[in-house]
Amino acid sequence: NAGVMQNPRHLVRRRGQEARLRCSPMKGHSHVYWYRQLPEEGLKFMVYLQKENIIDESGMPKERFSAEFPKEGPSILRIQQVVRGDSAAYFCASSPRTGGRNEQFFGPGTRLTVL
Amino acid sequence: LAKTTQPISMDSYEGQEVNITCSHNNIATNDYITWYQQFPSQGPRFIIQGYKTKVTNEVASLFIPADRKSSTLSLPRVSLSDTAVYYCLVGGDNTDKLIFGTGTRLQVFP
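Okay, so let's go over this structure. Computed from a predicted structure; not experimentally measured. (Residues numbered from 1 in each chain as written. Chains lettered and ligands numbered in written order. Predicted model: local features only at pLDDT ≥ 70, side-chain atom pairs only at ≥ 80, totals over all residues. Heavy atoms only, no water.)

What follows concerns the interface of chain B and chain A. The interface of chain B with chain A comprises 21 residues on the first partner and 23 residues on the second. Surface buried jointly by chain B and chain A totals about 1800 Å² across both partners, of which 49% is contributed by carbon and sulfur atoms. Here chain B and chain A share two salt bridges between them. Here A:Glu40 makes a salt bridge to B:Arg105, at a shortest N to O gap of 3.2 Å. Taken together, the connections running from chain B to chain A amount to seven residue pairs in polar contact (both at pLDDT 80 or more). (Contact = heavy atoms within 4.5 Å. Buried area = accessible area lost by both parts, 1.4 Å probe. Salt bridge = Lys/Arg side-chain N within 4 Å of Asp/Glu carboxyl O. Polar contact = N/O pair within 3.5 Å; in protein donor to acceptor, adjacent residues only side chain to side chain.)

Position of B:Gln49 relative to the elements: it lies in strand 4 (residues 45–50). Among the polar contacts listed, one links the side chain of B:Gln49 to the side chain of B:Thr34, at a separation of 2.8 Å. (Helix = DSSP H or I, 4+ residues; strand = E, 2+ residues; numbered from the N terminus.)

Turning to the sheet that holds strand 2 (residues 18–23) of chain B, a few remarks are in order. Residue and element names in this part refer to chain B. If you trace the four strands from one edge of the open sheet to the other, you get 2-7-6-5, paired in antiparallel fashion. Edge positions in the sheet fall to strand 2 and strand 5 (53–56), since each has one partner strand and no second. On average, each strand axis in the sheet is tilted by 15 degrees relative to the strand beside it, whichever way the strands run. In terms of strand pairing, strand 6 (residues 61–64) meets strand 7 (residues 70–75) through three bridges, oriented antiparallel. Residue pairing across strands places Ser61 opposite Ser74, the latter belonging to strand 7. (Pairing = 2+ DSSP bridges. Axes fitted to C-alpha atoms, helices over the stretch in contact; angles between N-to-C directions.)

One pair of aromatic rings is described through two measures. These are the centre distance and the angle between the planes. Going through the model one piece at a time under the given rule, you end up with 11 aromatic pairs over all chains. Measuring from centroid to centroid gives 5.4 Å for A:Tyr35 and A:Phe106, while their planes differ by 45 degrees, and the two rings are tilted. Note that A:Tyr35 is positioned in strand 4 (residues 31–37) and A:Phe106 in strand 10 (residues 105–106), a separation of 71 residues in sequence. Taking the relative accessible area as the measure of exposure, A:Tyr35 reaches 0% and is therefore buried. Taking 6.0 Å as the distance between ring centres and 45 degrees as the angle between the ring planes, the aromatic pair formed by B:Tyr13 and B:Phe109 counts as tilted. Remark: B:Phe109 occurs in strand 9 (residues 104–109) and B:Tyr13 occurs in strand 1 (residues 9–13); sequence separation between them is 96 residues. A relative accessible area of 34% means that B:Phe109 is categorised as partly exposed. Joined through ring pairs, the aromatic side chains of A:Tyr35, A:Phe45, A:Phe106, B:Tyr36, B:Phe46, B:Tyr87 and B:Phe100 make up one cluster. A cation over a ring is seen here: B:Arg68 above B:Tyr51, with NZ or CZ 3.9 Å from the ring centre. (Phe/Tyr/Trp six-rings, centres within 6.5 Å; stacked < 30°, edge-to-face > 60°. Buried < 20%, exposed > 50% of the residue type's maximum accessible area, 1.4 Å probe, protein only. Lys NZ or Arg CZ within 6 Å of the ring centre and 35° of its normal.)

All quantities given are derived from atomic positions and should not be read as evidence of function.
See below:
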């Protein structure tokens, strides 16, 4: 059973461009979470999605950021008009069900660098 | 969500037991305590979870006193490969998002 897959692993964008980060959850998992991690800091929750629904986007900036988890295909985190402050590691996690007791399985992350 | 406090860093030598303590004074009745491990350039990995007393698995032990205001992650006989950041998280059954602090950076020396 393959783990959580993220691509690309590294992404370089110039200011003003768009960044698209993809996440394929583990087989059988219908819950996806996105986190952002700045250097030397812990992960910060961004958004929680189930298939075709955004459940909690309280950690996601109101502008330029969007996320989706379509019925078919991977979850996408989209950042429009990137700025240097968007440079970070973005991690996706998946789980088979909700609840704090439930373990979240993390992918290897996408490292975004904005020039 | 209860806030957690843990040491910023710890050093150890191979073969030693390492104990990392986390404070969570405002833990709620339905909160569980979970520890994650993160290696450089990788996503966090679940280590252990508990509610009270002691939990042990093949990787670590988790000690939780009766008042549950703190917890201790115990790593027996660490090796160089245990060098990582360890996060203590607290949340209940209704918690979907994980709240990470800055974690404890463990450095294991030969």
